[in-house]
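# An overview of the molecular structure
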Amino acid sequence: MMDNLRAAANHVVLKIILGLIILSFVLTGVGSYLTGGNNNYAAKVNGQEIPRGQFENAVANERNRQQQQLGDQFSVLAGNEGYMKQMRQQVLNQLIDEALLDQYAKHLGLGISDEQVKMAIFSQPAFQTNGKFDNARYNAIIGNMGLTADQYAQALRNQLTTDQLIKAVVGTDFMLTGETDELAALVSQQRVVREATIDVKALAAKQEASEQEINANYEQNKNRYITPEQFKVSYIKLDAASMQEEASDADIQAYYDQHKDEFTQPQRNRYSVIQTKTEDEAKAILGELSKGGDFAALAKAKSADIISARNGGDMGWLEASTTPDELKNAGLKEKGQLSGVVKSSVGFLIVRLDDIQPAVVKPLAEVRDGIVAKVKQEKAVDAYYALQQKVSDAASNDNESLASAEKVAGVKAVETGWFGHDNLPDELNFKPVADAIFSGGLVGENGSPGSNSDIITVDGDRAFVLRVSEHKAEAVKPLAEVRDQVIAAVKQQKAEQQAKLDADKLLTALKLGKGADEMKAAGLSFGEAKTLSRTGQDPISQAAFGLPLPAKEKPSFGVANDMQGNVVLLSLDEVKAGSMPDEQKKAMVQGITQNNAQIAFEALMSNLRKEAKIKLGDIVDQQQ
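Throughout what follows, the structure given in this document is the object of discussion. (Residues numbered from 1 in each chain as written. Predicted model: local features only at pLDDT ≥ 70, side-chain atom pairs only at ≥ 80, totals over all residues. Heavy atoms only, no water.)

### Topic: unusual backbone geometry
Phi angles above zero are rare outside glycine, and N46 is one such case at about 50 degrees. Within the secondary structure, N46 is located in the loop between β1 (41-45) and β2 (48-51). We note that N130 has phi near 55 degrees; this positive angle belongs to a residue other than glycine. (Helix = DSSP H or I, 4+ residues; strand = E, 2+ residues; numbered from the N terminus.)

### Side note on the sheet that holds strand β7 (residues 230-239)
Taken together, 4 strands build an open sheet; the order of strands is β14-β7-β16-β15 and the sheet is antiparallel. Every interior strand has two partners, whereas the edge strands, β14 (414-415) and β15 (456-458), have only one. Examined bridge by bridge, β7 and strand β16 (residues 462-472) share 10 bridges and lie antiparallel to one another. Its bridge partner being in β16, F231 is matched across the sheet by H471. Contacts from helix α18 (residues 431-438) reach β7, β15 and β16, with the element oriented near 155 degrees to β15. (Pairing = 2+ DSSP bridges. Contact = heavy atoms within 4.5 Å. Axes fitted to C-alpha atoms, helices over the stretch in contact; angles between N-to-C directions.)

### Here we look at the packing of helix α12 (residues 279-290) against helix α13 (residues 295-302)
The packing of two helices is summarised by the inter-axis angle and the distance between the axes. Between α12 and α13, the shortest axis-to-axis distance is 10 Å and the interhelical angle comes to 155 degrees. One finds that α12 runs roughly antiparallel with respect to α13. In terms of crossing hand, the pair formed by α12 and α13 is right-handed. Here α12 contributes I285, E288 and L289 to the contact with α13, which in turn contributes F295, L298 and K302. Considering only residue class, the contact of α12 with α13 consists of 4 nonpolar, no polar and 2 charged. (Parallel < 35°, antiparallel > 145°, perpendicular 65-115°, else oblique. Left-handed = near helix turned anticlockwise from the far one by under 90°. Nonpolar A, V, L, I, M, F, W, Y, C, P; charged D, E, K, R; others polar.)

### Topic: the nonpolar core
In terms of nonpolar packing, the biggest core is built from 24 residues, with I50, F55 and I96 touching the most fellow members. Contributing elements (two or more residues each) for this core: β1, α2 (52-70), α4 (81-108) and α22 (582-611). With 10 residues, the top contributor of residues to this core is α4. (Core = buried A, V, L, I, M, F, W, Y, C linked by side-chain atoms within 4.5 Å. Buried < 20%, exposed > 50% of the residue type's maximum accessible area, 1.4 Å probe, protein only.)

### Focus: α4
For α4, with 28 residues, the first-to-last C-alpha span of 41 Å sits near the 40 Å given by 1.5 Å per residue. Capping the start of α4, N80 holds a side-chain oxygen 2.9 Å from the backbone nitrogen of G82, two or three residues further along. Directly beyond the C-terminal end of α4, a positive phi value near 80 degrees is found at G109. (Expected span 1.5 Å × (residues − 1). Polar contact = N/O pair within 3.5 Å; in protein donor to acceptor, adjacent residues only side chain to side chain.)

### Some thoughts on the packing of aromatic side chains
We describe a pair of aromatic rings using the distance from one ring centre to the other and the angle between the two ring planes. Scanning the model with the defined rule gives 14 aromatic pairs in all. Considering the side-chain rings of F127 and Y152, the 5.6 Å spacing of their centres and the 75 degrees angle between planes classify their relative orientation as edge-to-face. Of the two residues, F127 is situated in the loop between α5 (114-122) and β3 (128-129) and Y152 in helix α7 (residues 149-170); the sequence distance between them amounts to 25 residues. According to the relative accessible area criterion, F127 is buried, its value standing at 1%. Counting every residue linked through ring pairs, the aromatic cluster contains F122, F127, F133, Y138 and Y152. (Phe/Tyr/Trp six-rings, centres within 6.5 Å; stacked < 30°, edge-to-face > 60°.)

### Looking at the pattern of salt bridges
As enumerated under the stated definition, the model contains 25 salt bridges in all. Among the ionic pairs, K379 bridges to D251, the shortest N-O distance being 3.3 Å. With a gap of 128 residues between them, K379 in helix α16 (residues 364-397) and D251 in helix α11 (residues 249-258) connect regions that are remote in the sequence. Across the pair E279 and K283 runs a salt bridge, and its minimum N-O distance is 3.8 Å. Here E279 pairs with K283, and both are found in helix α12, just 4 residues apart, close to one helical turn. (Salt bridge = Lys/Arg side-chain N within 4 Å of Asp/Glu carboxyl O.)

### Topic: the sheet that holds strand β21 (residues 614-616)
With antiparallel pairing, 3 strands are arranged side by side in an open sheet as β2-β1-β21. This sheet does not close on itself; its edge strands, each paired only once, are β2 and β21. Averaged over neighbouring strand pairs, the angle between their axes works out to 15 degrees when direction is ignored. Across 4 bridges, β1 lies against β2 in antiparallel orientation. Bridge pairing links K44 to E49 in β2. With respect to the sheet, α2 is in contact with β1 and β2, its orientation differing from that of β2 by roughly 50 degrees.

Okay, here's the thing in structure tokens:
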């Protein structure tokens, strides 16, 4: 029952997200086409104003984007004045960068053709239905954004020009063949090593831990021996989705009568238009039509609207809410009726009303199942809120237990096992519930039960009343309880120190050419040779490639720690030149050039900012 409500809400959210995606595409960098410049600007970039309207639209768009992405977390951030000021400054910096890029592109003479703009519009998924461009959908979307077709096309042209500049910059970096081969040889180099391992675990078993050392280690590392805060919670859960209600015929009829607008398909009109730049052009075309000229052919040949012209002027089916005012005001009432010359914000129009679909109210029988679900849903929600109030009152009046609330709710309270901050039970894993439990307000003194919580609502259709039935505060475990752990830690620490001292002594002897006897006395010897690659992420490989190159028939030596924490003596015997497959070499070069191109682009932006005259307006720090 409530799933339908949640699905409907999600559907609306999807619509909003779609709108935000489209707005972010338009509003960042093209606000000058939406709002005229005035003295109240956000910034001037080399004399070009970034209007306040453009800036505030971009800020609102960024707020919406973060809210969609972060959810409840954004509400907390939005209450932080410093965070919101930083966000506004970042948005302004982005608009300034876009203005600088746009100006630089014009300086270089970069441009986008009408055909490129047209193809970009046709390829936008937001304007498509079943994978094909939908002219009616296109007009409805840009109309809802308050844009004309010309304004949207110009905004898109600017965006494509800036993209062209960015691609030009990031595509200029390259590597010479000699550089590539040298780097490939270095990257694919291999090193042949032998290892002698000092077993720290075996050394630890031989160590002794005095009482003084045990006490000192415990005092210095008490934070390792903490028992985290623990809770047991009893709770009652109310869920509107579990409340079953019936819908009578009278309820169904009443809902249908009160919501007929929901079951009405509004009147839809289908128009065709021819757009011209001048009134004389429109009059000339109107003359051709009066002599029997073909409207679709004339639209394809002469209309200045590149989108509708492709379809012979056809605008598709439009409801009143998506019909431009120029078409509404053309005064067309009958199918096939042709307007005169209509002046509009984009020039002059000739409009024809091609067809009319009258408004239709769906019969009750056709929509009955949907109404039944909605009536049941509404009645369940009403019952849920009524029960929620009763349970809340009972929990408040009897604050010593949940017994009274149980009777009203008709269910037994559930008690959890012990849990902490990092393992809240799944059934209680909601932020409002977690906040109530961990805030400390429900905890009694000395671990005793506290008071009942207020009603805690979750997602609007679920609610909890709970009490902390038992509580254990965070505490340091006594030494007696962790003595074995402390002793093991002392021995481990002493063993690591001893292994490091032994390794350093042996390393010195090896470098002097006197290590054989020392190694034998320590019961150590180098094992079989291993070939390591530079791509190895283990500490032994990393250490091996940090050693100096060996002299002829004379190894170089070093010390490292392995993955188990042992100390390892290394003998680097040989360095081999590696080889790299062509595909891998190509991928390596591509990665390096992309990184270099990014550096070049950042340098370009830094230079543009340095040379630009940027003046900030006085409205940037205002909070909306």
